[in-house]
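# Observations on chain architecture
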Amino acid sequence: MSVFGDVPLAPPVAVFKLSADFREDGHPQKVNLGVGAYRTDDCQPWVLPVVKKVERLIVEDAGLNHEYLPILGLPEFRSASSKVALGDGSAAIKDGRVGGVQALGGTGALRIGAEFLRRWYNGVNNTATPVYVSAPTWENHNSVFADAGFKDIRPYHYWDAAKRGLDLAGLLDDLEKAPEHSVFVLHACAHNPTGTDPTREEWKQISEIMKRRSLFVFFDSAYQGFASGDLDKDAWAIRYFVSEGFELFIAQSFSKNFGLYNERVGYLTVVARDSENLSRTLSQMEKIVRTTWSNPPSQGARIVSKTLNCPELFAEWKSNVKTMADRVLLMRDQLKAKLQALGTPGTWDHITQQIGMFSFTGLNPKQVEYMIAEKHVYLMASGRINMCGLTTSNIDYIAQSIHDAVTKVPQCRS
Amino acid sequence: MALLKSNKVIYCLGNISPSLGVLSTRNSSWWGGVQMGPPDPILGVTEAFKRDTNPKKMNLGVGAYRDDHGKPFVLSCVRKAEELITAKHMDKEYLPIGGLGDFSKCCAQLALGADSEVLKSSRNITVQTISGTGSLRIGANFLARFHGGPRDVYLPKPSWGNHTPIFRDAGMQLKAYRYYDPSTCGFDFKGALDDISKIPEQSVIMLHACAHNPTGVDPKPEQWKEISDLVKKRNLLVFFDMAYQGFASGDIDRDAWAVRYFIEQGHNILLSQSFAKNMGLYGERVGGFTVVCNDTEEAKRVESQLKILIRPIYSNPPMNGARIAATILNTPDLRSLWLEEVHFMANRIIKMREQLVAGLKKEGSSHNWQHVIDQIGMFCFTGLKPEQVERLTKEFSVYMTKDGRISMAGVTSANVGYLAHGIHAVTK
């Protein structure tokens with residue numbers, strides 16, 4: 001007899017299972033277009049040059065130790081993170097109403113924010129507050145809010161499969177119909193998995209409704225810098241909402257734009273009405289952190305903080321980020337050109353219109369299965385591909401594989 | 001203050017009459033009803049200490065080791081490991097959800113012993129966690145979701161202050177069994193057995209593997225044996241918290257004796273480990289969580305569910321500290337160096353205990369301070385009452401937790417006399 005006799009075997013997390021399957025595949029032309037990590041044109045992970053430089057500085061600094069960070073994180077990291085998101089000249093920061101929590105990656109930031117909202121937003125411990133996530137969204141959003149205790153997690157219209165773009169009418173309609181005070185998880189830029197972002201005009205419309213209907217703004221910002229190559233451009237939506245007077249949360253990840261995936265560097269920026277509300281909010285977030293991980297890991301925050309707070313390193317970082325973004329843009333251009341040259345049925349403009357690491361190809365599950373089984377090209381069942389997995393060496397093979405999938409495997413009846 | 005109160009009133013009204021609540025929040029803040037959280041009882045001590053300008057101030061709050069100059073101590077084996085790691089130019093790709101495989105393996109080996117039958121049969125699942133806190137929280141969440149027994153977790157009285165909110169936030173309920181005897185400043189063995197004998201079957205019982213926090217009072221091996229028998233009889237699920245392996249006696253294997261004994265006796269335990277103290281890796285957040293299962297098949301099922309729990313908290317753990325720990329444990333001369341350094345740290349603390357007692361005698365204290373020497377590990381439960389603690393802090397700038405616990409690690413040959421003087425002053 002075991003206490004755990006009845007524990008069922010859980011299904012593996014899809015994106016990691018995909019990588020595991022890829023690893024086991026012996027086919028010489030196999031390609032992994034699954035998990036969202038940057039790759040160079042040699043299909044290698046890339047430790048940013050500025051990161052290598054800063055790490056050496058840290059290891060050689062005999063004055064540094066491994067003591068506990070404060071519960072809310074490394075102070076220099078915290079202030080720099082808010083500045084990166086809101087801009088150097090942010091009035092909200094000057095007003096002393098911006099603070100935040102260093103967290104374990106973007107996931108950790110989302111979770112702390114979600115735990116706080118469940119306890120203190122819209123009443124006390126109101127687990128019935130609806131939380132809206134985009135359809136589709138990063139699959140972990142659902143689990144984060146559900147495990148934080150929210151009972152009512154709903155999709156809002158986002159991806160229009162027919163036109164391969166944003167379903168603005170559906171989105172705005174959902175905003176109008178959502179119960180007041182509902183929480184909306186918005187992707188700040190480079191929407192995952194669709195790569196489709198609202199235009200600035202569309203963001204303004206979203207903002208107007210959210211303000212009028214008292215909906216809570218929770219930004220997920222995992223790709224700042226990665227989308228357009230420009231940090232400020234990618235933060236436009238966040239900054240617009242802040243300037244419109246919203247109190248909001250921003251879950252920031254430095255996994256992608258710093259290539260610091262495994263050091264778990266994230267930040268939850270909190271913008272409150274004033275410093276007094278901010279300090280009470282942070283004090284309660286401290287309590288949540290204390291029972292989750294006590295205090296955050298030091299290495300990644302030190303690297304980011306040193307980089308952001310030193311002008312030369314900051315400039316070098318921005319250029320490293322642009323390198324990554326530019327390679328992705330190049331691959332987008334080339335993939336679209338090749339598909340058009342092959343005469344692959346359908347329109348492929350969305351490949352270059354979409355932005356960031358991912359592209360929602362429009363391939364259906366059967367076509368995806370074909371890609372994996374027959375072509376050894378691994379991608380998510382949703383048809384999402386990581387553009388970083390494309391290289392000058394494999395792009396022809398990938399384009400041909402997509403062409404074959406589309407022509408040999410029928411379209412789903414919608 | 002008035003604004004806060006009025007917000008609270010409106011908020012309460014808001015719960016009855018939603019429209020009123022909405023009116024107030026629209027004009028003020030979503031967070032008008034959020035109360036100011038009290039400072040953390042343990043970590044808050046350091047914050048108060050930092051604000052104090054008295055040059056003689058002492059921080060005996062949080063359990064972080066200090067050298068004899070009162071400075072943080074970076075172990076040489078850690079520095080050496082870091083150099084080795086830097087030279088390898090590794091990438092920064094995501095770790096698996098369960099963490100660095102090399103680390104989990106040697107983490108389990110360290111606790112269970114290299115020749116453990118559990119490891120040989122692969123019937124444990126060990127995942128890398130965010131230090132001890134993260135490990136306890138994963139365990140608590142796992143219990144809340146999958147434990148078919150009562151929701152109650154029995155903690156020793158007293159226990160680490162953070163145990164209670166961790167289990168509570170995970171959805172478990174807390175109860176206690178007698179542990180510390182204030183009249184002897186020692187172990188209330190009879191009281192513990194008596195309470196444990198009454199715990200409902202299948203409840204979870206938390207045991208501190210060694211160097212009990214906050215009291216420093218550990219059961220003797222014969223006492224552990226009786227506890228194990230009784231716990232088996234009551235069919236309780238054992239959750240060991242081992243945050244100080246190496247720190248109690250200075251010997252890794254000696255400190256893990258209770259954990260290994262219980263496993264040999266057939267308890268399929270849950271185990272949390274921390275490398276914060278014994279490797280000085282505090283801020284790198286290195287820990288492990290182990291579930292000892294019946295067989296590999298069960299371990300696989302448990303592992304799959306742990307991943308499902310972990311993914312929506314932080315996705316996967318940080319690399320740096322785990323890589324350092326694994327390098328140390330897996331590189332023979334670094335491992336030997338580490339064992340020496342742990343021994344050294346533990347010995348310095350033992351010396352400070354002896355010097356504190358000698359100092360109190362010298363001050364002319366008439367109290368019996370033997371418990372300061374008998375207690376083990378980083379902490380000493382002085383027996384000071386809250387009022388005495390307050391005086392010690394206010395008049396002497398000696399910072400400690402209200403329960404009278406002091407971190408011996410914060411005592412040095414330079415300040416032990418001052419500490420003895422202060423303690424004597426508030427207890428004479």
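Residues numbered from 1 in each chain as written. Chains lettered and ligands numbered in written order. Predicted model: local features only at pLDDT ≥ 70, side-chain atom pairs only at ≥ 80, totals over all residues. Heavy atoms only, no water.

The secondary structure content of chain B amounts to 18 helices and 13 strands. Taking 2.2 N^0.38 as the reference for a compact globule, 428 residues should give roughly 22 Å; the C-alpha atoms of chain B span a radius of gyration of 23 Å, in line with that estimate. Counting only C-alpha atoms and orienting by the principal axes, one finds that chain B spans roughly 70 × 55 × 55 Å. A buried classification covers 63% of the 428 residues belonging to chain B. For chain B, the proportion of contacts with a sequence separation of at least 24, taken over those separated by at least 6, is 75%. A total of about 17,000 Å² of accessible surface is found on chain B, and carbon and sulfur atoms cover 54% of it. Between the centroid of the 51 positive side chains of chain B and the centroid of its 43 negative side chains there is a distance of 6 Å. (Helix = DSSP H or I, 4+ residues; strand = E, 2+ residues; numbered from the N terminus. Rg over C-alpha atoms; globule rule 2.2 N^0.38 Å. Buried < 20%, exposed > 50% of the residue type's maximum accessible area, 1.4 Å probe, protein only. Contact = heavy atoms within 4.5 Å. Areas by Shrake-Rupley, 256 points an atom, 1.4 Å probe, with all protein chains shown as cover. Lys, Arg positive; Asp, Glu negative; His and termini not counted. Charge placed at Lys NZ, Arg CZ, Asp CG, Glu CD.)

To continue, consider the nonpolar core. Counting residues in hydrophobic clusters, the biggest one holds 150 residues, and the most contacted among them are A:Phe218, A:Phe249, A:Leu268, B:Trp31, B:Trp338 and B:Leu356. In terms of domain composition, this core takes at least three residues from each of domain 1 (41–73 + 346–426) and domain 2 (94–330) of chain B. Membership of the second largest hydrophobic core comes to 62 residues, among which are A:Phe254, A:Met324, A:Leu379 and A:Ala405. (Core = buried A, V, L, I, M, F, W, Y, C linked by side-chain atoms within 4.5 Å. Domains from an automatic or database assignment.)

All names here are of chain B. Between the first and last C-alpha of helix H18 (residues 416–427) there are 16 Å, a value that for 12 residues agrees with the 16 Å anticipated at 1.5 Å per step. Burial analysis of H18 places 10 of its 12 residues in the buried class, which makes it a mostly covered element. Burial in H18 covers these residues: Val 416, Tyr 418, Leu 419, Ala 420, Gly 422, Ile 423, His 424, Ala 425, Val 426 and Thr 427. Taken together, the buried residues of H18 touch strand S1 (58–59), helix H15 (332–363), helix H17 (386–396), strand S12 (398–399) and strand S13 (405–407). (Expected span 1.5 Å × (residues − 1).)

Contact residues are listed per partner, giving 80 residues for chain B and 80 residues for chain A. Each partner contributes to the roughly 7,100 Å² buried at the junction of chain B and chain A, and carbon and sulfur atoms together form 56% of this total. Looking only at chain B, the three residues that lose the most surface to chain A are B:Trp30, B:Trp31 and B:Lys92, adding up to 14% of its buried area. The tally of links from chain B across to chain A stands at seven salt bridges. Between B:Lys92 and A:Glu263 there is a salt bridge, with the nearest N and O atoms lying 3.4 Å from each other. For the interface between chain B and chain A, the tally reads 33 residue pairs in polar contact (both at pLDDT 80 or more). (Buried area = accessible area lost by both parts, 1.4 Å probe. Salt bridge = Lys/Arg side-chain N within 4 Å of Asp/Glu carboxyl O. Polar contact = N/O pair within 3.5 Å; in protein donor to acceptor, adjacent residues only side chain to side chain.)

Turning next to the sheet that holds strand S3 (residues 131–135) of chain A. Residue and element names in this part refer to chain A. Strand order in the open sheet formed by seven strands is S2-S10-S9-S8-S7-S3-S4, with mixed pairing between adjacent strands. If you trace the sheet from one side to the other, it starts and ends with strand S2 (98–104) and strand S4 (153–157), each paired once. Averaged over all neighbouring strand pairs, the angle between strand axes comes to 25°, with direction disregarded. The sheet contacts of helix H10 (residues 236–243) involve strand S7 (183–187), strand S8 (216–221), strand S9 (248–253) and strand S10 (265–271), and relative to S8 the element is tilted by about 155°. Along the sheet, helix H11 (residues 275–290) contacts S2, S9 and S10; its crossing angle with S2, the most-contacted strand, is approximately 10°. (Pairing = 2+ DSSP bridges. Axes fitted to C-alpha atoms, helices over the stretch in contact; angles between N-to-C directions.)

Consider a sheet: its strands pair through backbone hydrogen bonds, and that pairing is either parallel or antiparallel. Residue and element names in this part refer to chain B. Spatially, S2-S10-S9-S8-S7-S3-S4 is the arrangement adopted by the seven strands of the open sheet, whose pairing is mixed. Each edge of the open sheet is held by one strand with a lone partner, namely strand S2 (124–130) and strand S4 (173–178). Along the sheet, successive strands turn relative to each other by an average axial angle of 25°, direction set aside. Across five bridges, the pairing between strand S7 (residues 204–208) and strand S8 (residues 237–242) is parallel. Across the sheet, Ile 205 pairs through a bridge with Val 238, a residue of S8. Sheet strands touched by helix H12 (residues 257–264): S7, S8, strand S9 (270–274) and strand S10 (286–292). Its angle to S8, the strand with the most contacts, is close to 160°.

A packed helix pair is summarised by two numbers, namely the angle formed by the two axes and the spacing between the axes. Residue and element names in this part refer to chain A. Look at helix H3 (residues 75–86) against H10: their axes get within 8 Å of each other, and the N-to-C directions meet at 95°. Between H3 and H10, the angle falls in the class roughly perpendicular. Facing Lys 83, Val 84, Ala 85 and Leu 86 of H3, the residues of H10 in contact are Ile 238, Arg 239 and Val 242. Residues belonging to the contact of H3 with H10 are distributed by class as follows: five nonpolar, no polar and two charged. (Parallel < 35°, antiparallel > 145°, perpendicular 65-115°, else oblique. Nonpolar A, V, L, I, M, F, W, Y, C, P; charged D, E, K, R; others polar.)

Right, let's talk about the UniProt feature "domain: Aminotransferase class I/classII large" (unreviewed entry) in chain B for a bit. Per the UniProt entry, the sites bearing "domain: Aminotransferase class I/classII large" (unreviewed entry) are residues 56–423 of chain B in this numbering. End-to-end, the C-alpha atoms of residues 56–423 of chain B are 14 Å apart, and along that stretch the chain is 47% helix and 15% strand. (UniProt positions renumbered as here; feature names shortened; annotations may be inferred.)

Next up on the list: the domain arrangement of chain B. Accessible area lost during the coming together of the parts is what is often quoted as the interface size. Residue and element names in this part refer to chain B. Per the domain assignment, the segments making up chain B are domain 1 (41–73 + 346–426) and domain 2 (94–330). Each of domain 1 and domain 2 has a C-alpha centre, and these two points are 28 Å apart. Contacts between the two partners involve 16 residues from domain 1 and, on the opposite side, 21 residues from domain 2. Summed over both partners, the interface of domain 1 with domain 2 buries about 1,500 Å², with 67% contributed by carbon and sulfur atoms. Considering only the surface of domain 1 that becomes buried against domain 2, Ile 376, Phe 379 and Phe 381 emerge as the three largest contributors, covering 36% of it.

According to UniProt, the "domain: Aminotransferase class I/classII large" (unreviewed entry) feature falls on residues 29–402 of chain A. Regarding residues 29–402 of chain A, the helix share stands at 46% and the strand share at 15%, and the terminal C-alpha atoms are separated by 14 Å.

A full pass over the atoms with the stated rule returns 39 salt bridges over all chains. Between A:Arg39 and B:Glu93 there is a salt bridge, and its shortest N-O distance comes to 2.7 Å. One end of the pair, A:Arg39, is in the loop between strand S1 (31–32) and helix H2 (49–60); the other, B:Glu93, is in the loop between helix H4 (76–88) and helix H5 (101–112), on a second chain. Overall, the relative accessible area of 19% leaves A:Arg39 in the buried class. Salt bridges sharing partners connect three or more residues here, namely A:Arg111, A:Glu115, A:Arg118, A:Arg119 and B:Asp169.

Below, the discussion takes up unusual backbone geometry. A cis geometry characterises the amide bond from B:Lys157 onward to B:Pro158, with omega recorded as 0°. Within the element layout of this structure, B:Pro158 appears in the loop between strand S3 (152–157) and helix H8 (163–170). Between B:Asn213 and B:Pro214 the backbone carries a cis peptide bond, its omega angle lying at 20°. Counting through the fold element by element, B:Pro214 comes out in the loop between S7 and helix H10 (221–233). Positive phi is not limited to glycine here, since A:Ser294 has a value of about 70°. With respect to the element layout, A:Ser294 can be found in the loop between H11 and helix H12 (298–309). The residue B:Cys185 is not glycine, and still its phi comes out positive at about 55°. Along the polypeptide, B:Cys185 turns up in the loop between strand S5 (180–181) and strand S6 (186–187).

It is worth spelling out the side chain of A:Gln299 at this point. Within the secondary structure, A:Gln299 sits in helix H12. Not counting the four nearest positions on each side in its chain, A:Gln299 is found in contact with A:Glu55, A:Ile58, A:Glu263, B:Glu284 and B:Asn320.

In this section: the environment of A:Trp159. Residues and elements named next belong to chain A. Of note, Trp 159 is situated in strand S5 (residues 159–160). A sequence separation of 201 residues divides Trp 159 from Phe 360, and the C-alpha atoms of the two residues are 9.6 Å apart. Contact partners of Trp 159, with chain neighbours within four places excluded, come to Ala 135, Pro 136, Arg 164, Gly 165, Asp 167, Thr 194, Thr 196, Gln 354 and Phe 360.

Taken as a whole and judged by the stated rule, the model has zero disulfides over all chains. Free of any disulfide, A:Cys388 has its nearest neighbouring cysteine sulfur in A:Cys43, separated by 9.8 Å. Its sulfur unpaired, B:Cys185 is 8.2 Å from the next cysteine sulfur, which belongs to B:Cys380. You can call B:Cys185 buried: its relative accessible area is 12%. (Disulfide = S-S within 2.5 Å.)

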